[in-house]
Amino acid sequence: MAKEQEPTTIKKYANRRLYNTGTSTYVTLEDLAVMVKTGEDFVVYDAKTGEDITRSVLTQIIFEQENKGQNLLPITFLRQLIRFYGDSMQNLVPTYLDFSIDSLTRDQDKLRSQMANAFGPSAFTAIEETVRRNTEMFEQAMRMFLPFSGGRGDAPAAPPAPRPEPKAELRPDGDFDTLKRQLDEMQKKIDQLAGSKG
């Protein structure tokens, strides 16, 4: 039973071939994409160096899916993501994205059933409300431990009046505002698609 919970080991060879040690067969990126979709966990190692290259292989899978026209990542989102590299906000971005996608994953069954029952505005309103609620929760959590906000996360030491101001300190680069704007743009696009299908 414990063996089933261990991730499958995939080895990547110099000729770019991927070898699934669990099935003793060569696999493609498409095969790995299917494994991800079915919930099968795997780790990819460089066969020569033993280096864990799972992140780069997963990125390749996304790249291939995007090239097939299955566009999940808006251009504005990709540009903003690139801007975060080397930025002071870089360390917060993975936490924010993990939090957001985890919340969406938890709520996906509810959202799917709402969309199946009525593929219309009510389904997209539910998505919008979920995104808004998650964003608010994340911002509240981040305010408690942003080291550059003046406090170290100690609530009693925080003065009552200037406390709302950390948001303003995040705005010179417009990072959170830009992410919120991108979510709003995505929502508008979803609404337009729903309108054209209805």
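As a convention, each chain's residues are numbered from 1 in the sequence order in which they are written. Confidence filtering applies because this is a predicted model: local features only for residues at pLDDT of at least 70, side-chain atom pairs given and counted only at 80 or more, and all residues used for totals across whole chains, interfaces and linings. Each side-chain value is worked out from all heavy atoms of the structure, with water and hydrogens disregarded.

As annotated in an unreviewed UniProt entry, the protein carries the name Polyhydroxyalkanoate synthesis repressor PhaR and is attributed to Kaistia geumhonensis.

**Student:** Lay out the side chain of Asn 20 with the relevant residues and their values.
**Tutor:** Think of it this way: any DSSP run of H or I at least four residues long counts as a helix, any run of E at least two long counts as a strand, and we number them from the N terminus. Inspection of the secondary structure assignment puts Asn 20 in strand S2 (residues 18-20). A distance of 3.2 Å separates the side chain of Asn 20 from the backbone nitrogen of Thr 23, its partner in a polar contact. Counted as a polar contact is a pair of N or O atoms within 3.5 Å, where, for protein atoms, one must be capable of donating a hydrogen and the other of accepting one, and residues adjacent in sequence contribute only when both atoms are in side chains.

**Student:** Give me the lowdown on the nonpolar core, citing residues and values where you can.
**Tutor:** Here the nonpolar core consists of buried residues drawn from Ala, Val, Leu, Ile, Met, Phe, Trp, Tyr and Cys, with membership extended through side-chain atoms lying within 4.5 Å. Relative accessibility thresholds used throughout: buried, under 20% of the residue-type maximum; exposed, over 50%; partly exposed, between the two (1.4 Å probe, protein chains only). Grouped together as the largest cluster of nonpolar side chains are twelve residues: Ile 10, Leu 18, Val 27, Leu 29, Leu 32, Ala 33, Met 35, Phe 42, Val 44, Ile 53, Val 57 and Ile 61. Among the elements of the structure, helix H2 (29-37), strand S4 (42-46) and helix H3 (54-67) are those that each provide at least two residues to this core. With four residues, the single largest contributor to this core is H2. If near-sequence neighbours (up to four positions away) are discounted, Ile 61 is found in contact with Leu 29, Leu 32, Ala 33 and Phe 42. Judged by nonpolar contacts, the second largest core, of six residues, contains Phe 84, Val 93, Tyr 96 and Leu 179. The contact criterion used throughout is that any non-hydrogen atoms of two residues lie within 4.5 Å.

**Student:** Outline the packing of aromatic side chains, supporting the account with residue identities and numerical values.
**Tutor:** Pairing of aromatic side chains requires ring centres within 6.5 Å, counting the rings of Phe and Tyr and the six-membered ring of Trp. Pairs whose planes differ by under 30 degrees are stacked, by over 60 edge-to-face, and all others tilted. On inspection of all chains with the given rule, the structure shows one aromatic pair. Taken together, a centroid distance of 5.1 Å and an interplanar angle of 65 degrees make the contact between Tyr 19 and Tyr 26 edge-to-face. Over a ring means this: the NZ of a Lys or the CZ of an Arg is within 6 Å of the ring centre and within 35 degrees of the ring normal. Taking NZ or CZ as reference, Arg 17 lies 3.8 Å from the ring centre of Tyr 26, over its face.

**Student:** Lay out the side chain of Glu 66 in plain terms, naming residues and giving numbers.
**Tutor:** If you trace the backbone, Glu 66 turns up in helix H3. Its relative accessible area of 17% is what places Glu 66 among the buried residues.

**Student:** Explain the pattern of salt bridges residue by residue, including any values.
**Tutor:** Salt bridges are identified by distance alone: a Lys or Arg side-chain nitrogen within 4 Å of an Asp or Glu carboxyl oxygen. Inspection of the entire model under this criterion finds two salt bridges. Between Lys 68 and Glu 30 there is a salt bridge; the shortest N-O distance is 2.3 Å. With a gap of 38 residues between them, Lys 68 in the loop between H3 and helix H4 (75-84) and Glu 30 in helix H2 connect regions that are remote in the sequence. On the basis of relative accessibility, which here comes to 47%, the residue Lys 68 falls in the partly exposed class. Given the relative accessible area of 31%, Glu 30 is considered partly exposed. Here Arg 106 makes a salt bridge to Asp 102, at a shortest N to O gap of 2.6 Å.

**Student:** Account for H3, naming residues and giving values.
**Tutor:** Expected span of a helix: the number of residues minus one, times 1.5 Å. For H3, built from 14 residues, the straight-helix expectation of 20 Å at 1.5 Å per residue is met to within 8% by its first-to-last C-alpha distance of 20 Å. Burial in H3 covers these residues: Thr 54, Val 57, Ile 61, Gln 65 and Glu 66. Packed against the buried residues of H3 are H2 and S4.

**Student:** Report on the pairing of strand S1 (residues 8-12), specifying residues and quantitative values.
**Tutor:** Every second residue of S1 is oriented toward a common face, the buried set being Thr 8, Ile 10 and Lys 12 and the non-buried set Thr 9 and Lys 11. Should DSSP find at least two bridges between two strands, the strands are regarded as paired. Inspection of the sheet shows S1 paired to S4 by five bridges, in the parallel sense. Within S4, the position partnered with Thr 9 by the bridge is Val 43. Between the end of S1 and the start of S2, which pair antiparallel, lie five residues, with Arg 16 showing a positive phi angle near 70 degrees.

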